[in-house]
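Chains, contacts and geometry: an overview
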Amino acid sequence: MDLGNICGLVRKTQASIVENRFLGKRIDDDGVRITMESALTARDRVGVQDFVLLENHTSEAAFIENLRKRFKENLIYTYIGSVLVSVNPYKDLEIYTKNHMERYRGINFYEVSPHIYAVSDNSYRSMRTERRDQCILISGESGAGKTEASKKILQYYAVTCPASDQVETVKDRLLQSNPVLEAFGNAKTLRNDNSSRFGKYMDIQFDFKGAPVGGHILNYLLEKSRVVHQNHGERNFHIFYQLIEGGEEDLLRRLGLERNPQQYQYLVKGNCPKVSSINDRSDWKVVRKALSVIGFSEDEVEELLNIIASVLHLGNIQYGGEDSGNAYITTDTQIKYLARLLGVDGLVLKEALTHKKIIAKGEELKSPLNLEQASSARDALSKAVYGRTFTWLVNKINVSLAYKDETYKNASVIGLLDIYGFEVFQHNSFEQFCINYCNEKLQQLFIELTLKSEQDEYEAEGITWEPVQYFNNKIICDLVEEKFKGIISILDEECLRPGDASDITFLEKLENTVGGHAHLTTHKLTDGKTRKVMGREEFRLLHYAGEVNYNVNGVLASSRPPCSSTSLARCSLFLLSLCLCLQAATQFKTSLAKLMEILMSKEPSYVRCIKPNDAKQAGRFDEVLIRHQVKYLGLMENLRVRRAGFAYRRHYETFLQRYKSLCPETWPSWQGKLADGVSTLVKHLGYKPEEYKLGRSKIFIRFPKTLFATEDALETRKHSLGERESHVSHAVVVQAWWKGILACRRARRRREAANTIRRFIKGFIYRHNERCPENEYFLDYVRYSFLMKLRRNLPKTVLDKSWPTPPTALIEASERLRKLYMQNMVWGYCKRINPEWKHQLEQKMVASEIFKNKKDNYPQSVPKLFVGTRLNGEEINPKVLQSLGSEKMKYAVPVTKYDRKGYKARPRQLLLTSNSAVIVEEAKLKQRIDYAALKGISVSSLSDGVFVLHVPTEDKKQKGDVVLQSDHIIETLTKVAICADKVNSININQGSITFTMGQGREGIIDFTSGSELLVAKAKNGHLSVTAPRLNSR
Ligand SMILES: Nc1ncnc2c1ncn2[C@@H]1O[C@H](COP(=O)(O)OP(=O)(O)OP(=O)(O)O)[C@@H](O)[C@H]1O
Ligand SMILES: [Mg+2]
């Protein structure tokens, strides 16, 4: 077990556990994080996890030795930089559990030991964070584990990506597409019991949340020849055996099939109907279920099975030969079944299987086929039917996987390419030619993109790029695909040209056109030594991965097509088959070009699969076979490119964190800039300038030995720290616990805050509803906050009318509160006032009643307090006081009296007693007006102080009304009104006042506004009073 084994090798020091916790990293189940660097100290036994760390990186032997060490320890994955090399373990390793998936989720690629999940996760995160489409290219030879790897990737996404009901359906369909495609496209071969006989590129589409929402599959080059022929020890496609073994009795009866594969010609060629590693019956159930998950209706499944059965029936059609040599069909039952299953006329089918159409000089003629031709025609039909059914199946799966929702139009994509690796056999046919051409293209793409990404990283880090020498295989790709001059074009031309074209003419043409090419040779062109190992009908291509001889005859033998046109009939059978292959090759070239376009538009990751032995055995490491694959996968070239500059690179933070204990300045922590910390550290470690470079965010180390020395120093340091570290570690434990508690508290507070916000928003939405659970919190909060605001902003005085605006729900409550508060404030105010002040206010109230909004100088009088009297005892003549006797004097004020004749102004005193108003001139009581006799008081509406006390005319004691002027008019008249109880007898006049002068004569006082106060007799005999305007009305 990969991680389990390393666990045993890694020192589980308390300090490292604590350090990891302290760093907040995720810890494995057993408490230890398996980091890339952790395993470095065990490199002698388990090898290095990244080939770039091989000291002798150009040595193939060192490369293979590293693979062997790891394979022995069940460590099947190793990196070359970002490329994952995977060796098929041929046994179940406990490294694909859900726990393992979790362990690789969201982790930096280089932090953990190599795994297919690390590659999957890295692609996924790049797609999410950089919004760039990704692709994972999986290659390797048959049985190396490509399909298993692609399934593991798919499972990883199915388990770790976000889910919803809709997404679950898509995930199911994506996963279930595998058993269906494998049933129809995989077969048991000598190399692999479940060999994919087609190339597959699958797009997984993700929405903006990172959930898989759809998919699309492209298929390449299905090996149709397998339908009619299998080599010894091999089988036809799985579906035939699954149907026969697992199909229900009724179904088989309807399809006219027997439960015995030996009955079918197309299933007996390999003499291998049963395979111990395969359970056809249970696989049948899986496929049937998968078909319904994907969305095949019962009718569609029935049609599909009709066609599969009809291929078996076609295979059982047998021919007899007439004397003339013409073929006729001897198995009429098969025709009967075929007619029913395919829905065609039996006779027409029969004729089609025994005759060919020839178009000669525009006329269509039918000509009988001989035995050999008729068998070929039957097989060609079977292959075509199966091939088209497979294409239909893929299209149907695509419809089921297609994302339906418009909003997913901008989905991000991860593509998985599971395609045959480089193949080289004793006899290599055109099939190998196409496969190897495909690998040339993939290698070209790989080298270009790897170099580019290396260059990009150097540029981003500000490190000078040193050009790398590498084998550019564009020259071979051009040799195959170039227009007019490429091998495919030459084939094209040769096939279509009139005259007798044959294998020899094709080879000759090849020799004439591209004979001088450095990467092509033929038997004729080559030197004696090579000629010995080359057949006459072979041409040799010098691929990037090695030399391969292609035998054109091999193609003929495996797929001989029926002849169907006169022009083609003239050609040899060999070239005819080539022509068909050519079509396939041209088609393949076109679809490959499209594939390259798709891949170029994405960011690639690579998985290179290696098969450890041909016996499919666990634990066997066949060095010859592996060396062969290392060569054909171009792994040494990959390594060379990746190691061109620096073997190791890490972010400053990671590097410093790991090695800080090796330098007193950086231990236990570095406070300055990370780059300075790393610089200090490596200087202390004695790194030579040529050994490393410091980029913008990473350190680059050129040689693995530098890193190993540092790693070993760390190991020694851990021991020497010993005791001290354990004390430190205790402190760190306490620290870590405390930090943990704080973090928990913070998290809880954050959670509560989020809940409050959520409840608040909901409450806001429902705020106009009746009180309900949704708005309860919000309404309570609004109430609370209004009351708090009110508390802060209550009016301070009874005159302050301000009041915070209440929320709608609290309008009524607010109004009631306001009244209550005001009453309370008034009550409190009243309680606080003394008798004098009360008296003062009562007088002010009377003044207000009389003058408010009526007399111009009233507002100015409001803030001025009324006094008890304006003249004290000394200012009033004692004689006057004496004559008043016991009468109590309530108020005295100096006034100006205007004579009735001539309106002369005379200074007087106005005394208010309990019974009368008295006008005094020094010691003389000039006039006494009993309150009972006071008829009324007149005053103007202007700002003057003139007023008239009206007395009855018939009162002989009085000499008429009195015209007076007071400087405190409001106060004086209020006092008069109170003393005389004449509040309602004060008349405020607008223009003039008429008064009686005695003996029935009347006087008039005219009031006008002016700039200043002026009281004088006017020409018309009236008393004219001009008063300044104080308040604009
Ligand atoms: N990671 C693995 N763990 C365990 N067994 C594996 C693993 N990978 C591959 N195998 C075994 O190897 C067999 C062949 O693998 P797979 O079918 O993936 O090969 P392939 O490269 O797709 O070959 P082909 O090109 O023929 O399709 C599998 O059926 C399985 O038994
Ligand atoms: Mg496969």
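Below you will find a few notes about this structure. (Residues numbered from 1 in each chain as written. Chains lettered and ligands numbered in written order. Predicted model: local features only at pLDDT ≥ 70, side-chain atom pairs only at ≥ 80, totals over all residues. Heavy atoms only, no water.)

**Details of the sheet that holds strand β12 (residues 412-418)**
Here 7 strands make up an open sheet; going across it, the order is β1-β2-β16-β3-β12-β6-β7 and the pairing mixed. The open sheet has two edge strands, β1 (77-80) and β7 (212-220), and neither has a second partner. Between one strand axis and the next, the sheet turns by 20° as a mean value, whatever way the strands run. Sheet topology note: the strand β6 (residues 199-206)/β12 ladder contains 7 bridges and is antiparallel. If you follow Tyr201 over to β12, its bridge partner there is Leu417. Contacts between helix α16 (residues 371-401) and the sheet are confined to β6 and β7, with β7 contributing the most and set at about 165° to the helix. (Pairing = 2+ DSSP bridges. Helix = DSSP H or I, 4+ residues; strand = E, 2+ residues; numbered from the N terminus. Axes fitted to C-alpha atoms, helices over the stretch in contact; angles between N-to-C directions. Contact = heavy atoms within 4.5 Å.)

**A closer look at the sheet that holds strand β30 (residues 1014-1017)**
Strand pairing in a sheet is mediated by backbone hydrogen bonds. Such pairs are either parallel or antiparallel. The strand order β28-β29-β31-β30 describes an open sheet built from 4 strands, whose pairing is mixed. The sheet is open, and its two edges are formed by β28 (992-998) and β30, each paired on a single side. Strand-to-strand twist of the sheet, defined as the mean angle between neighbouring strand axes without regard to direction, takes the value 20°.

**A short note on the site of ligand 1**
Close to ligand 1 lie 17 residues, the nearest being Ser142, Lys146, Thr147, Ser195 and Ser196. Asn192 is positioned with one of its side-chain polar atoms (N or O) 2.9 Å from an oxygen atom of ligand 1. In isolation ligand 1 offers 630 Å² of accessible surface; the protein chains occlude 86% of this area. Listing elements by their share of the shell around ligand 1, those giving two or more residues are α7 (146-160) and β5 (195-196). The greatest single-element share of the shell around ligand 1, amounting to 3 residues, is contributed by α7. Among the residues forming the shell around ligand 1, the class breakdown is 4 nonpolar, 9 polar and 4 charged. (Near = heavy atom within 4 Å. Polar contact = N/O pair within 3.5 Å; in protein donor to acceptor, adjacent residues only side chain to side chain. Areas by Shrake-Rupley, 256 points an atom, 1.4 Å probe, with all protein chains shown as cover. Nonpolar A, V, L, I, M, F, W, Y, C, P; charged D, E, K, R; others polar.)

**A word on the coordination of the magnesium ion (ligand 2)**
Taken together, Thr147 (OG1) and Ser196 (OG) make up the protein donors of the magnesium ion (ligand 2), found 1.9 to 2.0 Å from the metal. Taken as a pair, Thr147 in helix α7 and Ser196 in strand β5 lie far apart in primary sequence, 49 residues in all. Thr147 sits in the buried class, given a relative accessible area of 14%. (Donors = N, O, S within 2.8 Å, 3.2 Å for Na, K, Ca; no water. Buried < 20%, exposed > 50% of the residue type's maximum accessible area, 1.4 Å probe, protein only.)

**A look at the pattern of salt bridges**
If you walk through the whole model with that rule in mind, you get 50 salt bridges. Asp193 is paired through a salt bridge with Lys616; the nearest N and O atoms lie 2.8 Å apart. With Asp193 in the loop between β4 (186-187) and β5 and Lys616 in the loop between β16 (603-610) and α25 (623-632), this residue pair connects regions lying 423 residues apart in the sequence. The exposure class assigned to Asp193 is buried, which follows from its relative accessible area of 17%. Here Lys616 falls in the partly exposed class, since its relative accessible area comes to 25%. Linking Glu457 and Arg649 is a salt bridge whose minimum nitrogen-to-oxygen distance equals 3.1 Å. Note that Glu457 is positioned in helix α17 (residues 430-461) and Arg649 in strand β17 (residues 648-651), a separation of 192 residues in sequence. (Salt bridge = Lys/Arg side-chain N within 4 Å of Asp/Glu carboxyl O.)

**A short note on the packing of aromatic side chains**
Applying the stated rule across the entire model yields 27 aromatic pairs. Between Tyr157 and Phe206, the ring centres sit 5.6 Å apart and the planes meet at 85°, which makes this aromatic pair edge-to-face. One end of the pair, Tyr157, is in helix α7; the other, Phe206, is in strand β6, with 49 residues separating them in the sequence. Across the pair, Phe206 and Tyr157 agree in class, each one buried. (Phe/Tyr/Trp six-rings, centres within 6.5 Å; stacked < 30°, edge-to-face > 60°.)

**A few points about the environment of Glu466**
Assignment of secondary structure puts Glu466 in the loop between α17 and α18 (474-481). On the basis of relative accessibility, which here comes to 37%, the residue Glu466 falls in the partly exposed class. As a C-alpha pair, Glu466 and Lys289 span 177 residues in sequence and 56 Å in three-dimensional space.

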